[in-house]
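Letter by letter, the chains look like this.
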Amino acid sequence: GEKTADKLKKVKVVLDWTPNTNHTGLYVAKEKGYFKEQGLDVDIIMPGDAGADQLVASGKADFGVSYQEGITQARIQDVPIVSIAAVIQHNTSGFASPVAKNISSPKDYEGKTYGGWGSPVEKQILSSLMDKENADVEKLKIVNMGDSDFFTAVKRDIDFAWIFYGWTGIEAELRGEKLNMQYLTDYSKKLDYYTPVLATNEKMIAKDPETVKAFLKGAAKGYEFAIEKPDAAADILIKEVPDLNSKLVKKSQQWLSPKYKDDADRWGEQKLSVWKNYSDWMYDHKLLEKKLDAKKAFTNDYLPE
Amino acid sequence: MAQLKIRNVSVSFGKKQILHSVDLQVSNGEFVTILGPSGSGKSTLFHLIGGLLHPDNGHISLNNHEITGERGHISYMPQSPSLLPWRTILDNVLLGQELSGIADSEYARMMLQKAGLGDYEKAYPHELSGGMKQRAAFIRALLSPQSVICLDEPFSALDELTRLDMQKWLLSIWQEHQKTILFVTHNIDEALFLSDRIVVLSQKPAHIVKEFTVPFPRPRNEDILLTREFLEVKKDIYYTLKQGLAVQS
Amino acid sequence: MAQLKIRNVSVSFGKKQILHSVDLQVSNGEFVTILGPSGSGKSTLFHLIGGLLHPDNGHISLNNHEITGERGHISYMPQSPSLLPWRTILDNVLLGQELSGIADSEYARMMLQKAGLGDYEKAYPHELSGGMKQRAAFIRALLSPQSVICLDEPFSALDELTRLDMQKWLLSIWQEHQKTILFVTHNIDEALFLSDRIVVLSQKPAHIVKEFTVPFPRPRNEDILLTREFLEVKKDIYYTLKQGLAVQS
Amino acid sequence: MKKRWSALWLLFFILIVWDAVGRWTQVPAWLLPSPLKIFSAGLEDWSRFYVHVLSTASLSFVGFLTGTTAGLLAAILLHRVPALRQPLYPFIILSQNVPVIVLAPLLVIWFGFGLLPKIIVITLVCFFPVTIAALDGFKQTDRELVHYFTMCGASKSQMFWKLEMPHSLPSIFSGLKIAATYSVMGAVISEWLGSERGIGVYMTLASSSFRTDRVFVAIFSIMMLSLLFFFIIVLLERRMVAHQRKELG
Amino acid sequence: MKKRWSALWLLFFILIVWDAVGRWTQVPAWLLPSPLKIFSAGLEDWSRFYVHVLSTASLSFVGFLTGTTAGLLAAILLHRVPALRQPLYPFIILSQNVPVIVLAPLLVIWFGFGLLPKIIVITLVCFFPVTIAALDGFKQTDRELVHYFTMCGASKSQMFWKLEMPHSLPSIFSGLKIAATYSVMGAVISEWLGSERGIGVYMTLASSSFRTDRVFVAIFSIMMLSLLFFFIIVLLERRMVAHQRKELG
Ligand SMILES: Nc1ncnc2c1ncn2[C@@H]1O[C@H](COP(=O)(O)OP(=O)(O)OP(=O)(O)O)[C@@H](O)[C@H]1O
Ligand SMILES: Nc1ncnc2c1ncn2[C@@H]1O[C@H](COP(=O)(O)OP(=O)(O)OP(=O)(O)O)[C@@H](O)[C@H]1O
Ligand SMILES: [Mg+2]
Ligand SMILES: [Mg+2]
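Here the structure is a predicted model, which means the values were calculated and not measured. (Residues numbered from 1 in each chain as written. Chains lettered and ligands numbered in written order. Predicted model: local features only at pLDDT ≥ 70, side-chain atom pairs only at ≥ 80, totals over all residues. Heavy atoms only, no water.)

(A) Highlighting the site of ligand 1. In the neighbourhood of ligand 1, 21 residues make up the surrounding shell, with S43(B), T44(B), E127(C), S129(C) and G131(C) lying closest. One of the backbone nitrogen or oxygen atoms of S40(B) is found 3.3 Å away from an oxygen atom of ligand 1. In this structure, T44(B) approaches ligand 1 through a side-chain N or O atom, which is 2.5 Å from an oxygen atom. Surface burial for ligand 1 is 90%, taken as the share of its 630 Å² of free accessible area covered by protein chains. Secondary-structure elements contributing two or more residues to the shell around ligand 1 are α1 (42-50) of chain B together with α5 (130-143) of chain C. Residue composition of the shell around ligand 1, grouped by class: five nonpolar, twelve polar and four charged. (Near = heavy atom within 4 Å. Polar contact = N/O pair within 3.5 Å; in protein donor to acceptor, adjacent residues only side chain to side chain. Areas by Shrake-Rupley, 256 points an atom, 1.4 Å probe, with all protein chains shown as cover. Helix = DSSP H or I, 4+ residues; strand = E, 2+ residues; numbered from the N terminus. Nonpolar A, V, L, I, M, F, W, Y, C, P; charged D, E, K, R; others polar.)

Pasting the structure below:
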């Protein structure tokens, strides 16, 4: 039942960067009082440059939005952070290019220029994709495009880049720019990792599992609302963060809502195989110094039944 | 033919009038000294001639050529030495030449030697005594190529002996190079020893109270300082100065 | 009881020795003038007394109290006016007092009036003529409370009449307030008119060539300048100076 | 009068050229929106936007104050305690080389998401130019004036407050101007340490949702704020360094 | 000698305290690794890392050169063409308020991902302190010296090269020191515009893979580079502003 405001437990959630439709459930839960029902007073924080993972791991924030690759690398470095729910069941990212560039499959990457942010992961993933089609990753030029956004980059020396379709792809639709897209999931099951996820730190789980449960219960209710009523959910996000581009939010929400739960039994469910597959893949490609103990990296124990 | 003509020049700073209708002609090759109370406007007159200031009224011409507000026509020694602190003495005295062409450092060295600054060529201004700085500024003015030289109290910080040396030196240069010299001093002896003509300014607003033509033939030597005639003229000038002071205050 | 004692003081800049074994005693309430060639080390001597420099050798004491290298015991007028450009003249002359306690601006105003700077209380230093700045620095020194006053060529930029006024004023203050005065000048007349004793320095490395006790009774007036005795002593000093110059060069 | 507004005219001109070039070359609006579009976006958003502006303005103001105060104090400390200068100076430089992406998590972990870490960031940005400029100003204090103060026995703190500080005011203001300019950007950066309000928040949101017009609204308001701060400092400078303005035309 | 290395001792001390505090409070290594760990990470990575360091060093060097050259030229232009000062001055301030996240896409569109946009970013960072400091230096040129140069008819360019420029060298060096310090951070920021090599690249990668030790290796090398640049400027200053050092102890 409802608890009075002064008994509410204060909880901080840090986002991964700026608010977007990945976070709709959290905003809905906050606005609709789902968190309050659970006795929580949730404060949603944009971390800016502070980096959500460190804040969560250090306990400065109770929960955070992260992604599987980050948590994997963090855990390898003994950062005590644990994934507690998958926000989206399948990886919605992929390599996008304007149709004019004529890139319809990884085979076409040869002789083209890819704009990334200089991570070794990128080259390995690209090479996995290209290997499948007998293309040579060495014939691909990889350029670091730093802070510049997708649309800017492809105007200039870059042919394709890695985007989340649910946001950047939708923006392209809004602009009427046709994109070619190669989703990672279409080429390798191993690359179907969770992004984003909700995370907390080990201490929180050990000391205050009730709060973790309560938080996930509220969040799950929020995301379920977003799944059922995309438009209303988008309106809530826009109301909470009025400086966002409302057209983009609405359209993105419609695209993303069905993908939160997708083929899973319940929202937030994570599979050991997904964690294992991707970390093994990373290890095999020398992207990790040691093997990840995948069982410890995530938990489904606190998801509502 | 009068070389430097100052006609009816007046100037004020804000509401204070400093010079009131000053008329002065200095002929080619003449040596004219300006005497006047402290704060009367002697330096200001030099600033007008040099073009640093523009008169409110009146004109200044050189060889019948109007130069009111024009710069670079005179070689100038300011009342404070104004040496550049980042230059050695040698480089400092060469400045006047540098500004108008090529510097002759050999000649400059010789001049420094003559002024007793031979050991200080490479010293910086702050290593010099007050009188030594003044001598350096004096040499800088002598080395500048212009034919009109304006000297503002050039020897005020020198002892009597060094001063006499410098005076004689100035006279020899003046005669040799046919310069026209305008000279400010507070020392009546000095004025009488050096000049062809002495102009006495009043308290401000300054105008010319009287002009004296110095009656001694050249070359002069120190002995005239002790003659009766000398003392006579000196007294005369002294009282003129007094009168110029009295007028206003 | 000698108030200010300078015993066997030597000092050098780098390899150049400036003062060589200078011995000088100034009694309480005495007025002593230092004469010497330009660059001999008169200002340097003041810097030593004021504690700006430390002698290589020797001691300085005030009332039998060693003050070598100590500061703040004298009231000082430097050779260049050294006024603060961001302060008005009134605030500038009050500085000496400010540094040692509370400032009395009424008295300072009166002094400025007396020095002919009444209209310039609120002016900034750059609005003053050279002589006016010098007078301001002079007043600043007079207003400082210390009983020993060191004046470094205080009247060099003043015309004869203003200079005479200032000299008389200085004497009246000296007598009234029982100050001890050390005075540097290049003007022998001035030295004779003002001082009890005159000390002549040689060319550098400077030492004391001779001391003269001035034979005129006080109060003195301008007339003594024309007496025979005066001319006699003046000549004597002049030749001593010449001798001091000759020794070295 | 015309001259005063010349910058505005130039701005106007630039905006027109920008608009024209935008139309001509058909730069897409998401890359570089036309000034008109930016203006209308600004108007439309104003009711929500001014909260952000106020927040950033007050944040930068507070940060500027603490930053410059810290900067001045650091300069004073290093100047007056020379023993600290050698060891601490390098660390002051180092403080400018800790990237925010590293500092941010540490600051948030130590000080939470409140005001303190943000003010620390702005302080870090603002204090440096002030410290360097003030230190250099102190160092360049006029030698003659320093000597005068020393001779008069000025205490270290008198020397500082009555001489070095006023003397280096122009230099300090030069540092303050740089700091004022940086303070607004500093505030925007500090808002990335997790903030609900502020131009920085508005801008990242606009940027991440591809609203280039709003990004430019943010930039323009950052610019306006900085200009405002800068000119407040210029006004202050004019008041406090008044004597410098009274220069001859 | 001991004094010279005091900063190093202090650094050593800080590292020891850091290590001790780290052990004591058990700050996890991923948050703040111990100095030893950082050092060994640096050693281990060195063979790959030095390429990044070299790249950033040369980038910041080139950027510093273009930035300070641009800054000086801007200052000279604004100083010598007063008609431009009013309209352009505000834009110079504005240039410091365009956040890189906005500038980046524009620069990329115009200049691609090559060297040019990076150098533009560093230039933007470096030129401002130089311009402001130089302008303020030019403005403060000693009044008496300006008057002297004017009277001597110095041309505008003589006035500039022989007077204003050397006079404001200390001020300019103050700006150069600030710019040198910023140049390395400027280079790191500019590397975020897309670069294959550089400390900035290394650092973001390290940060995204939670190798906090490597992040600190990057920070330390940024710091070392900045210190190096800074002290090169200090050395240059000592050579070029030599006369200032010859101060009395
Ligand atoms: N920049 C200025 N602003 C205002 N007044 C000034 C300025 N320069 C000079 N004056 C005033 O002009 C008058 C004349 O000054 P000037 O320097 O010409 O005197 P001077 O005759 O050279 O005196 P001295 O013999 O003391 O050098 C003085 O009363 C002075 O206060
Ligand atoms: N800072 C310094 N560094 C090196 N030499 C110096 C320094 N200050 C003074 N001197 C030298 O010391 C000597 C004496 O200087 P001082 O200023 O005492 O002379 P002075 O007797 O006051 O001369 P003047 O009558 O010209 O003022 C000069 O030769 C000068 O070059
Ligand atoms: Mg004068
Ligand atoms: Mg002297």
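Back to the write-up after that little detour.
(B) How the structure looks around the interface of chain D and chain E. The interface of chain D with chain E comprises 63 residues on the first partner and 62 residues on the second. Counting each side, the surface lost to burial between chain D and chain E is near 5600 Å², with a carbon and sulfur contribution of 73%. Sorting the residues of chain D by area buried against chain E places N97(D), R143(D) and Y182(D) first, and these three jointly supply 10% of that buried surface. At the surface where chain D touches chain E, the tally comes to four salt bridges. (Contact = heavy atoms within 4.5 Å. Buried area = accessible area lost by both parts, 1.4 Å probe. Salt bridge = Lys/Arg side-chain N within 4 Å of Asp/Glu carboxyl O.)

(C) Layout of the pattern of salt bridges. The final tally for this structure, using the stated rule, is 53 salt bridges over all chains. With a closest N to O distance of 2.9 Å, E106(B) and R109(B) form a salt bridge. Taken together, the residues E106(B) and R109(B), both in helix α4 (residues 105-114) and three residues apart, mark about one turn of the helix. For E106(B), a relative accessible area of 53% gives the class exposed. Across the salt bridge formed by E237(D) and K139(E), the nearest N and O atoms sit 3.8 Å from each other. A residue pair is termed interchain when its members come from two chains, as with E237(D) in helix α9 (residues 212-240) and K139(E) in helix α5 (residues 115-139). What makes E237(D) buried here is its relative accessible area of 8%. On the accessibility criterion, K139(E) (42% relative accessible area) is partly exposed. (Buried < 20%, exposed > 50% of the residue type's maximum accessible area, 1.4 Å probe, protein only.)

(D) Main features of the interface of chain D and chain C. Facing 17 residues of chain D, the contacting portion of chain C comprises 23 residues. Together chain D and chain C conceal approximately 2000 Å² of surface at their shared face, both sides included; 69% is due to carbon and sulfur atoms. For the pair chain D and chain C, the number of links is one salt bridge. A salt bridge links E98(C) to K162(D); the shortest N-O distance between them is 2.6 Å.

(E) Focus on the domain arrangement of chain B. Residue and element names in this part refer to chain B. In terms of domain boundaries, chain B breaks down into domain 1 (4-74 + 147-245) and domain 2 (82-145). Across the boundary between the two partners, domain 1 contributes 16 residues, which contact 14 residues of domain 2. For the pair domain 1 and domain 2, the summed buried area comes to about 1200 Å², and 71% of that belongs to carbon and sulfur atoms. Here domain 1 is connected to domain 2 by zero salt bridges. The interface formed by domain 1 and domain 2 contains five residue pairs in polar contact (both at pLDDT 80 or more). For the side of domain 1 that touches domain 2, the secondary structure elements donating two or more residues are β7 (148-152) and α6 (160-177). Tallying contributions element by element places α6 first for the side of domain 1 that touches domain 2, with six residues. Here the residues of the side of domain 1 that touches domain 2 are counted per class, giving ten nonpolar, four polar and two charged. (Domains from an automatic or database assignment.)

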